[in-house]
Amino acid sequence: DTLTPNQLESVFKNIYGSWDKQTYVNMLEKFKLPLNKKIKEFSKGMKKQVMFILALSIMPEYLIMDEPFDGLDPHIRKIIWDILIQDVSERQMTIFISSHHLNELDSMCDHIALINNGKIVFEESLDHLKEGYHKLQIVLESGDEMYALEKELNVLAHQMMGRVHTLVVKGNIEEIDATVLKYSPIINETLSLSLEEIFLFTLGGKYDE
């Protein structure tokens with residue numbers, strides 16, 4: 001970190017034969033980073049931007065990132081996402097991201113793995129994953145009917161406000177709807193479920209966590 005961005009460029013181009021000077025120059029301009037200032041004088045966010053720029057200027061086939069957006073403001077995160085999406089689209093680059101910021105992963109990743117205590121809980125395409133989890137809002141005539149219905153479904157979480165029951169259910173949506181309709185519900189709605197909610201309820205979380 002005693003070097004400047006200009007000095008770093010001369011080091012990296014001699015290490016990596018795939019180094020792309022134009023990509024490096026363009027991204028430095030896009031992020032508006034000073035070229036002749038030592039990296040150690042940069043803020044934490046600016047240092048992360050330099051690391052990101054260096055990694056992409058190597059033109060990698062695979063890019064592996066661990067919590068890449070910590071310490072970055074929303075504007076910079078948006079610029080990075082756009083660059084990543086462009087590289088994936090144009091160069092077919094594959095990205096591996098380890099992150100707890102699930103909403104960001106939800107908007108970009110097409111394949112997801114959940115790791116808990118060092119073990120993979122599940123690993124599949126995001127579209128297929130979301131097809132298997134559903135959030136339902138149901139109102140039935142009586143509480144006894146809801147108790148019976150819940151026993152027929154694979155319920156991961158259950159919240160009640162007044163007569164409205166909100167269930168997070170795992171399974172095929174057609175089969176779930178057919179089961180619910182047997183109880184002649186007064187209200188039966190399916191709501192969108194975020195990736196963060198899927199992860200939480202898969203690990204046995206509750207609504208108040």
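Reading guide: rules and limits
Per chain, residues are indexed from 1 in the order of the written sequence. The model is predicted, so local features are restricted to residues of pLDDT at least 70 and side-chain atom pairs to those at 80 or more, both for listing and for counting; the totals for chains, interfaces and linings are taken over all residues. Water and hydrogen atoms were dropped before computing side-chain values, which therefore reflect all heavy atoms in the structure. Only protein chains enter the accessibility calculation, which uses a 1.4 Å probe; a residue whose area is less than 20% of its type maximum is buried, one above 50% is exposed, and one in between is partly exposed. The way it works is that DSSP assigns letters per residue, a run of H or I at least four long becomes a helix, a run of E at least two long becomes a strand, and they are numbered from the N terminus. Directions drawn from the helix axis to the C-beta atoms are what define this arc. The contact definition used throughout considers only heavy atoms, calling two residues in contact when any of these lie within 4.5 Å. Between N or O atoms, a polar contact is any pair within 3.5 Å; within protein, one atom must be a potential hydrogen donor and the other a potential acceptor, and residues adjacent in sequence are included only when both atoms are from side chains.

This paragraph deals with helix α2 (residues 21–31). Along α2, the positions that sit buried rather than exposed are Y24, M27, L28 and F31. Buried residues of α2 fall within an arc of 105 degrees about the axis and therefore sit on the same side. Structurally, α2 contributes buried residues whose contacts are with α1 (5–15), α3 (44–57) and α4 (74–91). For α2, the N-terminal capping position is held by D20, with its side-chain oxygen 3.2 Å away from the main-chain nitrogen of Q22. Once α2 ends, the next one or two residues include K32, with phi positive near 55 degrees.

Here we come to the environment of A178. Along the polypeptide, A178 turns up in helix α8 (residues 173–181). Assessed through its relative accessible area of 44%, A178 is described here as partly exposed.

Such coordinate-based values are descriptive only and should not be taken to indicate function.
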